[in-house]
Amino acid sequence: MPTSSQVLVLNCGSSSLKFAVIDPRNGDLSVSGIGEALGEEEPQIKWSIHGQKFATSLPGDARHTEVIRFLVEQILNDKPELRDHLVAIGHRVVHGGEKFSHSVLINDAVINAIQECVALAPLHNPAHLQGIQAAREAFPELPQVAVFDTAFHQSMPRHAFVYALPFALYRDHGIRRYGMHGTSHRFVTERAAELLNLPVNEVNIISAHLGNGASITAIHNGRSIDTSMGLTPLEGLVMGTRCGDVDPGLLMHLSSRLDYCMKEISDMLNKKSGLLGISELSNDCRALEQAASEGHDGAQLAMDIFCYRLAKYIGAYHAVLPQVDALVFTGGIGENSSLVREKVLGQLRGLGYELDLGKNARARFGEEGPIASDRSCVTLVIPTNEEWVIARDAAELVPPDTPNHDPSVRE
Ligand code: ADP
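Residues numbered from 1 in each chain as written. Predicted model: local features only at pLDDT ≥ 70, side-chain atom pairs only at ≥ 80, totals over all residues. Heavy atoms only, no water.

As annotated in an unreviewed UniProt entry, the protein is Acetate kinase from Microbulbifer bruguierae. Its UniProt record, at the heading Catalytic activity (unreviewed entry), says of the protein: "acetate + ATP = acetyl phosphate + ADP". The UniProt entry for the protein carries the following text under Subcellular location (unreviewed entry): "Cytoplasm". (UniProt positions renumbered as here; feature names shortened; annotations may be inferred.)

Okay, structure coming up:
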């Protein structure tokens, strides 16, 4: 039975709300769950407590508020050992624009700033604001903390984040590269420093976060100096359903020659491209690996393009870093697909990478560690844990006069 401080971590999407109760000291997860299809016909909630799984449907009009109410009244109500030790709520917030380079305690000014960034994340930021409002009502006594996906990349220098567009678009409208997945890149940076026995502010790594969304970051002395996502998450690597880098001339071509409207272009680039678009089969790496092994040409091509484009970015980030202490793979694909890692390192032999087949095969399903030979540039698999970072940041920002405040979480 936990007696130490717990943090409730909330991740609100447009039609979903993921929640987790985490011990910020060690990342132990006691409750996790998701409310899904919110605002749709059959919303439902699934959760697990200490590994035991439950699920039920929610009323037809359920939104984020109802999920939080269910969490408080049905899930935490008979778990006083968790509920009574909550010290803070940590919210994942996708876009903090240029205002936030760190996590912050939420107050009205922060809420206004998140509101101002709605134009930059029209699907996500409004959902985060709903979640923050609902959590404030449900837990008026607890401090709420915002942890931004963009914050880690605020250290990028101007030459990395300004597009080669008329400068007024940046100056007047904030059109620039922001980057995402910052919480994950930060987690693996800190963990890589531990594994490499280096202080965080001296570690230089290339961090490849490969999930349904994918991005890669060049980290110099513990700080992001370049990343592959841009103004939106569309830029950069090939992803599950997103295209990554394309010639912007494509947009004019689609519009003027093929009569696409803006909504069709947006749907195609975000939801019908990437692994799914190329393979005409699936956005799921596991399914594509299987199909490719059975001779499906589209699946093979999708995997080839995914790995080739990733290897090109790794090469580019070698060029911008003064040295690379390690290349790190994380995210569902990075942590589990030994095939993707093998293909990428095979492409990078000229840069001094050489896979250790045995270590690569073993680094799956949560296993952490090196996957390259002793002669090779160091290559690590590090399972990411964004929720733990959010819980840690939230616990560290708890003001001393808060109920349940426990100064030892800062140790
Ligand atoms: P999200 O961005 O939604 O958080 P994840 O980080 O969970 O995504 O990654 C999902 C991706 O990881 C999917 O493409 C899935 O196929 C892939 N993946 C998960 N397990 C494996 C595995 N054992 N082998 C290959 N790919 C895997």
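Moving on from the model shown.
Student: Please explain the UniProt feature "active site" (unreviewed entry) in the protein as it appears in this structure.
Tutor: Mapped onto this structure's residue numbering, the UniProt feature "active site" (unreviewed entry) falls at Asp 149. Judged by relative accessible area, Asp 149 falls into the buried class, the value being 1%. For Asp 149, the contacting residues outside a window of four places in its chain are Arg 92, Val 93, Val 94, Gly 179, Met 180, His 181, Gly 182 and Thr 183. (Buried < 20%, exposed > 50% of the residue type's maximum accessible area, 1.4 Å probe, protein only. Contact = heavy atoms within 4.5 Å.)

Student: What's the story with the pattern of salt bridges in this structure? I'm lost.
Tutor: Two side chains of opposite charge can pair, provided their charged atoms sit close to one another. For the coordinates displayed, the defined rule picks out 20 salt bridges. One salt bridge connects Arg 176 with Glu 98, and the closest N-O pair in it is separated by 2.8 Å. Here Arg 176 is found in the loop between α6 (167-173) and α7 (182-196), whereas its partner Glu 98 is found in the loop between β6 (86-93) and β7 (104-105), with 78 residues between them in sequence. On the basis of relative accessibility, which here comes to 1%, the residue Arg 176 falls in the buried class. Ionic pairing is found between Asp 172 and Arg 171, a salt bridge with its closest N-O pair at 3.8 Å. Each member of the pair, Asp 172 together with Arg 171, is exposed. (Salt bridge = Lys/Arg side-chain N within 4 Å of Asp/Glu carboxyl O. Helix = DSSP H or I, 4+ residues; strand = E, 2+ residues; numbered from the N terminus.)

Student: Before we go on, may I ask you to explain the packing of helix α1 (residues 64-75) against helix α4 (residues 125-138) in this structure?
Tutor: When two helices pack together, their arrangement is captured by the angle between the axes and the distance separating the axes. One can describe the packing of α1 onto α4 by two numbers: an axis separation of 9 Å at closest approach and a directional angle of 35°. You can see that α1 and α4 cross each other, and the crossing is right-handed. Contacts from His 64, Thr 65, Ile 68 and Val 72 in α1 reach Ala 127, Gln 130, Gly 131, Ala 134, Ala 135 and Ala 138 in α4. Residues of the contact of α1 with α4, tallied by class, amount to six nonpolar, four polar and no charged. (Axes fitted to C-alpha atoms, helices over the stretch in contact; angles between N-to-C directions. Left-handed = near helix turned anticlockwise from the far one by under 90°. Nonpolar A, V, L, I, M, F, W, Y, C, P; charged D, E, K, R; others polar.)

Student: Help me understand the nonpolar core in this model?
Tutor: Grouped together as the largest cluster of nonpolar side chains are 40 residues, with contacts concentrated most on Leu 210, Ile 216, Leu 310, Ile 314, Phe 329, Val 340 and Val 344. Secondary structure elements with two or more residues in this core: β9 (205-210), β10 (214-220), α11 (285-293), α12 (297-320), β12 (326-330) and α14 (338-347). Examining the composition of this core, we find that 10 residues originate from one element, α12, more than from any other. Those residues in contact with Ile 216 that sit more than four places away from it in its chain are His 185, Ile 206, Ser 207, Ala 208, Asp 226, Thr 227, Ser 228, Leu 237, Leu 310, Tyr 313, Ile 314 and Tyr 317. (Core = buried A, V, L, I, M, F, W, Y, C linked by side-chain atoms within 4.5 Å.)

Student: Help me understand the sheet that holds β7 in this model?
Tutor: The strands making up a sheet associate through backbone hydrogen bonding, with each pair oriented either parallel or antiparallel. The eight strands lie next to each other as β5-β4-β3-β2-β1-β6-β8-β7, forming an open sheet whose pairing is mixed. With one partner strand each, in any of the chains shown, β5 (52-57) and β7 form the two edges of the open sheet. Where β7 and strand β8 (residues 144-148) come together, two bridges link them in antiparallel fashion. From the neighbouring strand, Leu 105 faces β8, where its bridge partner is Val 145. (Pairing = 2+ DSSP bridges.)

Student: How should I be thinking about the site of the ligand in this particular structure?
Tutor: Around the ligand sit 15 residues in total, of which Asn 212, Asp 284, Cys 285, Arg 286 and Gly 332 are the nearest. Note that an oxygen atom of the ligand is positioned 2.9 Å from one of the backbone N or O atoms of Gly 332. Between the ligand and the protein, one listed contact pairs an oxygen atom with a backbone N or O atom of Ile 333 at 3.3 Å. Contact with the protein chains covers 72% of the free accessible surface of the ligand, which is 580 Å². By residue class, the composition of the shell around the ligand is three nonpolar, eight polar and four charged. (Near = heavy atom within 4 Å. Polar contact = N/O pair within 3.5 Å; in protein donor to acceptor, adjacent residues only side chain to side chain. Areas by Shrake-Rupley, 256 points an atom, 1.4 Å probe, with all protein chains shown as cover.)

Student: Would you explain the packing of aromatic side chains in this entry?
Tutor: The geometry of two aromatic rings is summed up by the distance between their centres and the angle between their planes. If you walk through the whole model with that rule in mind, you get seven aromatic pairs. Aromatic pair Trp 47 and Phe 70: ring centres 5.2 Å apart, planes at 70°, arrangement edge-to-face. Of this pair, Trp 47 sits in strand β4 (residues 44-49) while Phe 70 sits in helix α1, and the two are 23 residues apart along the sequence. The exposure class of Trp 47 is buried, given its relative accessible area of 12%. Given a relative accessible area of 16%, Phe 70 falls into the buried group. An angle of 65° between the planes, with centres 5.6 Å apart, marks the rings of Phe 161 and Tyr 170 as edge-to-face. The same class applies to Phe 161 as to Tyr 170, namely buried. Each member of the aromatic cluster is reached from another via a ring pair, and the members are Trp 47, Phe 54 and Phe 70. One residue, Arg 176, lies across the ring of Tyr 178, its end atom 4.6 Å from the ring centre. (Phe/Tyr/Trp six-rings, centres within 6.5 Å; stacked < 30°, edge-to-face > 60°. Lys NZ or Arg CZ within 6 Å of the ring centre and 35° of its normal.)

Student: What is the right way to read the packing of α11 against α12 from this model?
Tutor: Contact geometry of α11 with α12 gives a least axis separation of 8 Å together with a crossing angle of 125°. Considering their axes alone, α11 and α12 lie oblique with respect to each other. By crossing handedness, the relation of α11 to α12 is classed as left-handed. Where α11 approaches α12, its residues Cys 285, Leu 288, Glu 289, Ala 291 and Ala 292 are matched on the opposing element by Ala 299, Gln 300, Ala 302 and Met 303. (Parallel < 35°, antiparallel > 145°, perpendicular 65-115°, else oblique.)

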